[in-house]
Amino acid sequence: MARAHWGCCPWLVLLYACVWCHPKPGDLGREDVRNCSANPQHLPVTVVNTTVRLLALRQQMEAWNLSAYIIPDTDAHQNEYIGKQDERRAWMTGFTGTAGTAVVTMAKAAVWTDSRYWTQAEREMDCNWDLHKEVGISPIVTWLLAEIPAGGRVGFDPFLVSFGSWNNYDTNLQGSNLQLVSITTNLVDLVWGSERPSVPSEPIYALEQAFTGSTWQEKVSNIRSQMKEHRKAPTAVLLTALDETAWLFNLRSSDISYNPFFYSYTLLTDSSIRLFANKSRFSPETLQYLNSGCTGPMCVQLEDYSQVRDSVQAYVSGDVRVWIGTQYTMYGLYEVIPKEKLVADTYSPVMITKAVKNSKEQALLKASHVRDAVAVIRYLVWLEKNVPKGTVDEFSGAEFVDQLRGKEDFFSGPSFETISASGLNAALAHYSPTKELNRKLSSDEMYLVDSGGQYWDGTTDITRTVHWGTPSAFQKEAYTRVLMGNIDLSRLIFPAATSGRVVEAFARKALWDVGLNYGHGTGHGIGNFLCVHEWPVGFQSNNIAMAKGMFTSIEPGYYQDGEFGIRIEDVALVVEAKTKYPGTYLTFEVVSFVPYDRNLIDVSLLSPDQLQYLNQYYQAIREKIGPELQQRQLLEEFEWLQRHTEPLSAGAPHTASLVSVLVASTLAILSWSS
C-alpha cells in the first residue's frame, strides 16, 4: 500500500481512500481558516499568491475564446506519482495535495478535493480560490452550469483527461448548451513559461537478460499473435501507460519517482514497431538492442514523443483498426481515431499479458522478496534495540529501512514513499513523516511500517505492525483478527478464473464477526521492477479474474481513529491448488518472509487450521531466510528470526503473556505474605 495518485492503477484512489475521504461530523460546517470574506489580507504564511498567474491564464483563455478551463491533477499517462513539470494544478493554485481538480472561469477560480486535503488546501490557497469540499465530475459540471452562460466554451488539455473522464464530462453536459473544447496546447504551460521544470533526460537503458522473463522480440510476437486471434482483427495496438512500453521492450529509466519508467508511447502494428520517446536518451548500444537501424517488422522505429498524436492520426487514415485499453488512453489520442477503426477493451493486451508472470519472472520476483525480507528483518531487530532508548522517530526509521534495502543486491530505490507511523499516526490515510513533522517511536505504542523496494529482478511491498511494550486487550484482539483475515485469504482454495472481489470478504470475516472493518481495498498486483501497484490484478470489482502466475498483495487492516492503526501485508503468488477431487482450483503462495509480531497475537482466537498455517509459514521463513542470514554472518538477526518463528501452541502463552503471568503471580504471593 502506498499513497495516491495510483497511476499504475488509477482505481486505487477509490480502493484505498474510500473511507478516509468521507468528512467527519462537523467538518463540512467548519469555518475556512483563510476567513477570506472578513479579512483576506491576513492569510496563513503558507499561502501562495496566484493573482498574477490567474490574470495570465485568463488572458490565454480569452485568446482561445474560452469561458472556463479545467486543470486536472494528473499527467498524460495517469502515473501514480507525477513529475514536477506536470504539477500544473499545484503550481496554478498553490495547493499541493495529490488529489483535486481546479477550474478557472473569467470571474472565479475553484478547487474540488476530498476531506483528506481540506485543511491543507485552506492553508496553501489564497482568496482567489474557492474550495469545494466534494469530489467527482458531477459537482464540477453543476458549478459550471451555474457560472457560465449558455453557449460557453469549456477548455481542457485532452492529454490530461482520460477517455472515461471526458465521457463523464460530456454526458453531464448533454443538453446544456455548453461546449467541451479540446486544446492540445496546455494553457497553464504557456503561463508557467521558462519557470516550468524541465522533463527528465536520464538515459533509457535495457535490462540485462538475466532480469527479464522474455526477450522483447518474444513479447512483440506474442502480442501480434493476440491481434490475429482477436475477433475484430486489429492491425495495431496503441500503448499509453508507461509500464506497458517499459515491459514490452525490457527498457527502464527514472522519469517517475519510485517507478523505473520513461515518458513514452508505443504503436505496435502487424508490420512495424514505433516507439515514441526522446531519441537523444538512447545510447548506441540500446539503439542496436532495439534494431532501430532497420525498417522490418522486428525493427523498432524511434519517433519523437511529441509526435504520437500526429503519427496515430496519419496511421488511421488507412484501412486499419487500432486496439486500445480505454482505462489508460487519454482523450488526446482517443479523439483522433475514427470510431469505426477503434477496437476498445478496458485493458490492452499488454496490460493483461504482463499481469501473468512466466516461470522465470516468478523466480525473479521471489528472489527479490527473499533479499527484501533480510532488509526488513534487520530493520525490526534495529528497532527492537533502539526504540527503548528513545532515539528513533518515524522519519529516521523510514530513512534507515531504505538504507538497509540499499545494501541488498540489485537495489534501485524504494518502490513508494515509506509509511512509517507510530501511535495515532498509523490510523491516518496516506501518512508519511517528514524531517520537520514526525513522531518519536515508543515502546508504549503500536508502530506500522509499510515499505518496499525496486530491484532489478522484482518490486516489493510489505507491511508489519509491532508493539514493543504491553498492548491492550483490544489492540491484541484487533491485530489477531487482522492476522486471521490475512491467513484465511492466503490459504483459501477457489475455482480458477474467480474474480478477486468474490473472495475478498474472507480477509474481512474475522473482523466482521465482532463488528470491525477497514476502509481500503484488500490487495493489488505487483510488477517485476515495474509498478508497486500493478493493475489490473486485485480484489476489486474492476479487476480481472485471478489466474495462475499473478502476484497480488493481501493486506487487511484495522484503524482506530486517534489511537492506532494495524495492517498486515504480504505479497502472494497465485498457484494451482491440490484438491481431493479433479478440477482446476487456485490458491495463494505467500512470498513475503517476515514474521508477524508474537507480542500482538492472541493465540486463543486462532482456529486449529489457522494455527497450523501460521506455524507452517514460520517454518518456511526459517528455511528461506535463515540460511541467507547465516551466510552473511548476520548472527544477531538469525537468532532473532529463530525466536520469532518458534512454533505457536494454542495451550502455551507466548513470551509477553508468560511475563505477565509471572508478574501477577509474584504480586499475589507478596500480597498474601503481607
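Residues numbered from 1 in each chain as written. Predicted model: local features only at pLDDT ≥ 70, side-chain atom pairs only at ≥ 80, totals over all residues. Heavy atoms only, no water.

Under an unreviewed UniProt entry, the name given to the protein chain is Xaa-Pro aminopeptidase 2, and the source organism is Chinchilla lanigera. Taken directly from UniProt, the Subcellular location (unreviewed entry) text for the protein chain runs: "Cell membrane". Check the Catalytic activity (unreviewed entry) section of the UniProt entry for the protein chain; it says "Release of any N-terminal amino acid, including proline, that is linked to proline, even from a dipeptide or tripeptide." (UniProt positions renumbered as here; feature names shortened; annotations may be inferred.)

K.L.:
Could you clarify how one ought to interpret unusual backbone geometry in this entry?
P.N.:
Excluding glycine, most residues fall at negative phi; most peptide bonds, likewise, are trans. Here W535 and P536 are connected by a cis peptide whose omega angle stands at 10°. Along the chain, the position of P536 falls in strand β23 (residues 534–538). The phi dihedral of F529 falls on the positive side, at around 55°, and the residue is not glycine. Position of F529 among the secondary structure elements: in the loop between β22 (524–525) and β23. Assessed through its relative accessible area of 0%, F529 is described here as buried. Look at Q633: it is not a glycine, yet its phi comes out positive at around 60°. Here Q633 lies in the loop between α19 (608–631) and α20 (635–644). (Helix = DSSP H or I, 4+ residues; strand = E, 2+ residues; numbered from the N terminus. Buried < 20%, exposed > 50% of the residue type's maximum accessible area, 1.4 Å probe, protein only.)

K.L.:
Before we go on, may I ask you to explain the sheet that holds strand β18 (residues 453–455) in this structure?
P.N.:
Strand pairing in a sheet takes place through backbone hydrogen bonds and is either antiparallel or parallel in direction. If you trace the three strands from one edge of the open sheet to the other, you get β15-β18-β19, paired in antiparallel fashion. Edge strands, defined here as strands with exactly one partner in the open sheet, are β15 (411–414) and β19 (458–459). Relative to β15, helix α15 (residues 394–406) is tilted by about 165°, and along the sheet it contacts β15 and β18. (Pairing = 2+ DSSP bridges. Contact = heavy atoms within 4.5 Å. Axes fitted to C-alpha atoms, helices over the stretch in contact; angles between N-to-C directions.)

K.L.:
Mind showing me how you'd approach the side chain of Q362 here?
P.N.:
Along the chain, the position of Q362 falls in helix α14 (residues 359–386). Judged by relative accessible area, which is 18%, Q362 ranks as buried. Here K357 takes part through its backbone oxygen, which lies 2.9 Å from a polar atom of the side chain of Q362. (Polar contact = N/O pair within 3.5 Å; in protein donor to acceptor, adjacent residues only side chain to side chain.)

K.L.:
Sorry, what's going on with the UniProt feature "domain: Peptidase M24 C-terminal" (unreviewed entry) in the protein chain here?
P.N.:
Here the UniProt feature "domain: Peptidase M24 C-terminal" (unreviewed entry) sits at residues 585–648. Annotated as 53% helix and 9% strand, the span residues 585–648 places its first and last C-alpha atoms 29 Å apart.

K.L.:
Just checking my understanding: could you explain the UniProt feature "domain: Creatinase N-terminal" (unreviewed entry) in the protein chain for this structure?
P.N.:
The positions UniProt marks with the feature "domain: Creatinase N-terminal" (unreviewed entry) are residues 53–184. Structurally, residues 53–184 comprises 34% helix and 18% strand, and the distance from its first C-alpha atom to its last is 20 Å.

K.L.:
What's the story with helix α16 (residues 473–490) in this structure? I'm lost.
P.N.:
Owing to its 3.6 residues per turn, the α-helix aligns residues three or four sequence positions apart on the same side. Taking 1.5 Å per residue, 18 residues should reach 26 Å; α16 reaches 25 Å between its end C-alpha atoms and fits that length. Most of α16 is tucked away, with 15 of its 18 residues classed as buried. (Expected span 1.5 Å × (residues − 1).)

K.L.:
What should I look at first to understand the sheet that holds strand β5 (residues 153–156) in this one?
P.N.:
The strand order β4-β3-β2-β1-β5-β6 describes an open sheet built from six strands, whose pairing is mixed. Looking at strand neighbours, the two that pair on one side only are β4 (130–132) and β6 (179–182), the edges of this open sheet. In this sheet, neighbouring strand axes are inclined to one another by 25° on average, regardless of whether the strands run parallel or antiparallel. Pairing of strand β1 (residues 68–71) with strand β2 (residues 101–105) involves four bridges; the strand directions are antiparallel.

K.L.:
Explain the packing of α14 against α15 here, please?
P.N.:
α15 packs onto α14 with a crossing angle of 140° between their chain directions and a minimal axis gap of 9 Å. Taken together, α14 and α15 sit at an angle that is classed as oblique. Taken as a pair, α14 and α15 cross one another with a handedness that is right-handed. Residue-level contacts link D372, A375, V376, R378, Y379 and W382 of α14 to G397, A398, F400, V401, L404 and R405 of α15. Here the contact of α14 with α15 is composed, by residue class, of eight nonpolar, one polar and three charged. (Parallel < 35°, antiparallel > 145°, perpendicular 65-115°, else oblique. Left-handed = near helix turned anticlockwise from the far one by under 90°. Nonpolar A, V, L, I, M, F, W, Y, C, P; charged D, E, K, R; others polar.)

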